[in-house]
Amino acid sequence: MFSRKATFKGGTHIPAEKNLTNSLPIIRMEAPEFVYLPLAMHIGAPARPVVAAGEKVKLGQLVAAAQGFVSSNIHASVSGMVTRIEKRYLPNGSLSDCIVIKNDGLDTMAEEITPGKNHGEIKAETIRQLLLDKGIVGMGGASFPTHVKYAPQKDGSTIDTVIINGIECEPFITADHRILLEEAENVISGLKYFLLASSAKKGIIAIEDNKPDAIEHLTRLTRDEPNISVVVCKEKYPQGSEKHLIYAVTGRTVPDKGLPSAVGVIVDNATTAMQTALAVEKDLPCYERVLTVSGDAVNKPGNYLVRIGSLYGDVVEKAAGGITGDIGKILCGGPMMGFAVGSLQYSVIKGTTGLLLFSQNSPLAHFLAEETCVRCGRCLEVCPMFLEPTVIAKAVKRRKWMDAAASDIASCIECGCCSYNCPSHIPLVQYIRMGKQFIMTGGSGGCNPLFKN
Amino acid sequence: MDPIKTPARLILVSSSPHIHCGSTVSAAMRDVLLALVPVILSAVWFFRLDAITVILACCLSAVFFEALCQKVMGCAITVKDGSALLTGLLLALCLPPGLSPVLAVFGSFCAIVIGKQVFGGLGNNIFNPAHIGRAILLASMPQQMTTWLPPVHSFIDNITNAVGSINSVTSATKAAHALNTAVNATTSATKAGIDGVSSATPLAMLRMSESLWQKGQSAADQLPNLWQLVLGNIPGSLGETCVPAILLGGLFLIWRGHVDWRIPFYYLLTVFLITGIYGYFRGYSPLFPLYHLFGGGLMIGAFFMATDWVTSPLTKRGRIIYAIGLGILTALIRLRGGYVEGVCYSILIMNMLTPLIDRYIRNTPFGGRAQKNG
Ligand code: SF4
Ligand code: SF4
């Protein structure tokens, strides 16, 4: 049926481990008693709160407004009362103000949300405005505000293709897979709105070949759409990376450090497309998302529709049937790029694709000691960005920041292929992140005592 | 409050990625050792006890010296990873059979201590340790290092005789002996007193008989025929003679992803082309480059020595340059140099150039290098 499977150079094969949850339908989780909405849950400037402690809010009501162009609106994910605004850590280690709302259990919808509201003729501006108003961000993990991508291109370049990313190459995570199966109509109409907003001619839904059911379903549904096609990609990590997806699907190479729009492409995640369809058709803001709870330390792995701002602890307790056994590792996101956290006191944000819990016995909970580099070259072979991870890591270890920069440390997408394959268990990605931080602080090294130049 | 008796089990917080493919350095070393099994078997088959003593002496002493060094330097003893064993084995395979165990142990010492540990151990050595051992032995004991025992060969002789292939084997061997005695009288004489027979390697004979080649095919009669050469029924270092065994192990390593096919491929190709062109212009038999390909240490050098992780370049393009450099050097040394065998020295020379290659041959990131200022 498919003559050619799209793919890219480099990368690595990783056991997908998706069987735990890929056949489980999405279940809506009961709203928790408290939600914690971080104001910096997206890339760009944190949103500015428009409610104060003690104020009553309704479900879907705007609680924090976008500040500046690259920023996003945040809406209440429960109805109830704002108790306070407090500082909390995000899984990536940064600190953010959070609006804490106590749930009154009523889920009273905000008045401004009128499902079935007639927008009149839907124009590109309507969609752009809705993307901004409804707080749509990239829901595949990056949380980049979607309206920014669809704003008229600064350099005047035109967009001819919109790709819906249904790859989901991270092991264990199956949220997008379930969305493609259960919300396919919404994903397709979301894509149509994206096409309208960007005036692109061609829409592509890219799915990895390990999801044959989703490929079949989407192909059937798009049979009568002349400008939408389904492209099957070969299973290889990191196929879901924006640049590699564009290369695989269109054969275009995004310039190093450039944006996809430079080659006339916009990539959006399947969940983002679905959320956009909900925003346009049902007038719903982004206040809940599907996430996969999996791993060998949860009782009921599954795909759950969870209110944004729910604490991990609530998700595990209310949806996934609690923890089993001794917990050894908690991951926010997938095992290749996700963040390890030390407790369940973090909140689900718009970009949280999964929550993985592993027991003490799981190999994920074992620390692998670093050995010396034997220069085997595996890391170079698998790097999808064609970098030289071992060279960069050595430069960082020797605190030669300029050498690291000359080795294109900034082009690293932190996909983790290099560390995954290193026989000496060198945490290459960690060294690369460290180097990036030093370089980003303008050479001052921030307050890191290791800095010397 | 009671003191905590058993420490609480902690939650691991680490940088991504959180999974690993499971490969380890020692597993890779095991694979290389496994790949060398056919070569060891062929060595034992052809040289019997003379092979076993050298292999045992090298391997055991290499492991011992590595452990000793690490103990003296007070670092963790890592002989379990198999790299010292591998170095010892590779050294043994490029020594002549029947070499005195004392010299073999001395070679191991040079390989492990001088070639590897003084640089800081595995991963930090500049030169291929096994070749350091061999080079030092060759420089200090040239006579013992170039005394070659003929293989214990009756079996293959019989087969080739029966098949009745190109040349009569016995006459070839006899002729080889005759030629050897004629031009290399000294070695033969000294060695003859001890071991009875000694012989010249095909490469040495090739070198000596070069003038004869010009006269046509007749000179080739004095060399072992090509089948003997490929199968390894010829005098030579322990592991370098049996080409099928080397190929088997080499292809296994390429299949397992431990060896980049580019290095052996471009190395062999370069040697073949240069010797072929040289032979062509001098009017030699077309077999000339094949003798260079299958004779001497080229095969084992190309698959097992030149591909050493630590001492070969990182990038694909770098590896191609490295391999071509090896080929040029080997061919030059063999055709014009003072030694009949060029593999060892060309690998050591290219090892020296590896950091330079790595410095100047860099990968371009996906999407091309962005414009840089200055
Ligand atoms: S994979 Fe690891 S051991 Fe191999 S070259 Fe890269 S850093 Fe070194
Ligand atoms: S260097 Fe960066 S881009 Fe390359 S494999 Fe490692 S993490 Fe991925």
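What counts as what
Residues numbered from 1 in each chain as written. Chains lettered and ligands numbered in written order. Predicted model: local features only at pLDDT ≥ 70, side-chain atom pairs only at ≥ 80, totals over all residues. Heavy atoms only, no water. Pairing = 2+ DSSP bridges. Helix = DSSP H or I, 4+ residues; strand = E, 2+ residues; numbered from the N terminus. Contact = heavy atoms within 4.5 Å. Axes fitted to C-alpha atoms, helices over the stretch in contact; angles between N-to-C directions. Parallel < 35°, antiparallel > 145°, perpendicular 65-115°, else oblique. Domains from an automatic or database assignment. Buried area = accessible area lost by both parts, 1.4 Å probe. Salt bridge = Lys/Arg side-chain N within 4 Å of Asp/Glu carboxyl O. Polar contact = N/O pair within 3.5 Å; in protein donor to acceptor, adjacent residues only side chain to side chain. Phe/Tyr/Trp six-rings, centres within 6.5 Å; stacked < 30°, edge-to-face > 60°. Lys NZ or Arg CZ within 6 Å of the ring centre and 35° of its normal. Near = heavy atom within 4 Å. Nonpolar A, V, L, I, M, F, W, Y, C, P; charged D, E, K, R; others polar. Expected span 1.5 Å × (residues − 1). Buried < 20%, exposed > 50% of the residue type's maximum accessible area, 1.4 Å probe, protein only.

Caption draft 1: Spotlight on the sheet that holds strand 17 (residues 354-359) of chain A. All names here are of chain A. An order of 1-14-13-17-15-16 is seen for the six strands of this open sheet, with the pairing classed as mixed. The strands lining the two open edges of the sheet, one partner per strand, are strand 1 (27-28) and strand 16 (339-341). Note: strand 13 (residues 288-294) against strand 17, three bridges, orientation parallel. When the sheet's bridge partners are listed, Thr292 is paired in strand 17 with Gly354. Relative to strand 13, helix 3 (residues 175-182) is tilted by about 125 degrees, and along the sheet it contacts strand 13 and strand 14 (302-307). Running at roughly 75 degrees to strand 17, helix 8 (residues 312-319) makes contact with strand 13, strand 14, strand 15 (327-332), strand 16 and strand 17 of the sheet.

Caption draft 2: A look at the packing of helix 1 (residues 25-47) of chain B against helix 13 (residues 243-255) of chain B. Residues and elements named next belong to chain B. It is the contact of helix 1 with helix 13, at a shortest axis distance of 8 Å, that shows an interaxial angle of 170 degrees. One element, helix 1, and the other, helix 13, form an angle in the roughly antiparallel class. Seen from helix 1, the contacting residues are Asp31, Val32, Leu34, Ala35, Pro38, Val39 and Ser42; seen from helix 13, they are Ala245, Ile246, Leu248, Gly249, Phe252 and Leu253.

Caption draft 3: How the structure looks around the domain arrangement of chain A. Residues and elements named next belong to chain A. Entries for chain A in the domain assignment read domain 1 (2-25 + 116-282), domain 2 (31-103), domain 3 (288-365) and domain 4 (378-440). A separation of 27 Å is found between the C-alpha centroids of domain 1 and domain 2. Here domain 1 and domain 2 share an interface that buries about 830 Å² over both sides, 64% of which is from carbon and sulfur atoms. For the pair domain 1 and domain 2, the number of links is zero salt bridges. Summed over the shared surface of domain 1 and domain 2, the result is six residue pairs in polar contact (both at pLDDT 80 or more).

Caption draft 4: Geometry of the packing of aromatic side chains. By the definition in use, this model includes 16 aromatic pairs over all chains. Measuring from centroid to centroid gives 5.6 Å for Phe386 of chain A and Phe366 of chain B, while their planes differ by 80 degrees, and the two rings are edge-to-face. Residue Phe386 of chain A is located in the loop between helix 9 (378-382) and helix 10 (389-397), and its partner Phe366 of chain B is located in the segment after helix 18 (343-360); the two belong to separate chains. Between the NZ or CZ atom of Arg88 of chain A and the centre of the ring of Tyr36 of chain A, over which it lies, the distance is 4.2 Å. Here the guanidinium or amino end of Arg48 of chain B rests over the ring plane of Trp45 of chain B, the centre of that ring lying 5.2 Å away.

Caption draft 5: Spotlight on the site of ligand 2. Residues and elements named next belong to chain A. The environment of ligand 2 is formed by 13 residues, the closest being Cys383, Cys412, Cys415, Gly416 and Cys418. At the level of secondary structure, the elements contributing two or more residues to the shell around ligand 2 comprise helix 12 (417-421) and helix 13 (428-440). Its residues assigned to classes, the shell around ligand 2 shows eleven nonpolar, one polar and one charged.

Caption draft 6: Seen up close, the sheet that holds strand 10 (residues 202-208) of chain A. Residues and elements named next belong to chain A. With respect to topology, four strands assemble into an open sheet ordered 11-10-9-12, the strand pairing being parallel. The open sheet terminates on both sides in strands that have one partner only, identified here as strand 11 (228-233) and strand 12 (265-269). In this sheet, neighbouring strand axes are inclined to one another by 25 degrees on average, regardless of whether the strands run parallel or antiparallel. Of the strand pairs in this sheet, strand 9 (residues 161-166) and strand 12 are connected by five bridges, and their pairing is parallel. Counted as the bridge partner of Asn165 is Asn269 from strand 12.

Caption draft 7: Geometry of the site of ligand 1. Contacts to ligand 1 come from 13 residues, most closely from Cys373, Cys376, Gly377, Cys379 and Cys422 of chain A. Taken together, the residues that form the shell around ligand 1 break down as eight nonpolar, three polar and two charged.

Caption draft 8: Quick peek at helix 13 of chain A. Residue and element names in this part refer to chain A. Under the 1.5 Å per step criterion, the end-to-end length of helix 13 is 18 Å for 13 residues, consistent within 8% with the ideal 18 Å. Buried within helix 13 we find Leu428, Val429, Tyr431, Ile432, Arg433, Gly435, Lys436 and Phe438. Elements that come into contact with the buried residues of helix 13 comprise helix 9, helix 10, helix 11 (401-406) and helix 12.

Caption draft 9: Main features of the pattern of salt bridges. Per the stated rule, a full pass over the model turns up 25 salt bridges over all chains. In this structure, Glu288 of chain A engages Arg28 of chain A in a salt bridge whose closest nitrogen and oxygen atoms are separated by 2.5 Å. A residue pair is termed long-range when its members are at least 10 positions apart, and Glu288 of chain A in strand 13 and Arg28 of chain A in strand 1 qualify at 260 residues. Residues Arg362 of chain B and Glu388 of chain A are paired through a salt bridge, measuring 2.6 Å at the closest nitrogen-oxygen approach. Taken together, the residues span two chains, with Arg362 of chain B in the segment after helix 18 and Glu388 of chain A in the loop between helix 9 and helix 10.

Caption draft 10: Structural detail: the environment of Gly10 of chain A. All names here are of chain A. Along the polypeptide, Gly10 turns up in the segment before strand 1. As a C-alpha pair, Gly10 and Val382 span 372 residues in sequence and 4.7 Å in three-dimensional space. Residues contacting Gly10, with those up to four places away along its chain left out, are Lys236, Glu381, Val382 and Cys383.

Caption draft 11: Main features of the environment of Ile43 of chain A. Residue and element names in this part refer to chain A. Structurally, Ile43 can be placed in the loop between strand 2 (34-38) and strand 3 (48-49). Sequence separation between Ile43 and Ser407 is 364 residues, and the spatial gap between their C-alpha atoms is 26 Å. Not counting the four nearest positions on each side in its chain, Ile43 is found in contact with Val70, Ala142, Ser143, Phe144 and Pro145.

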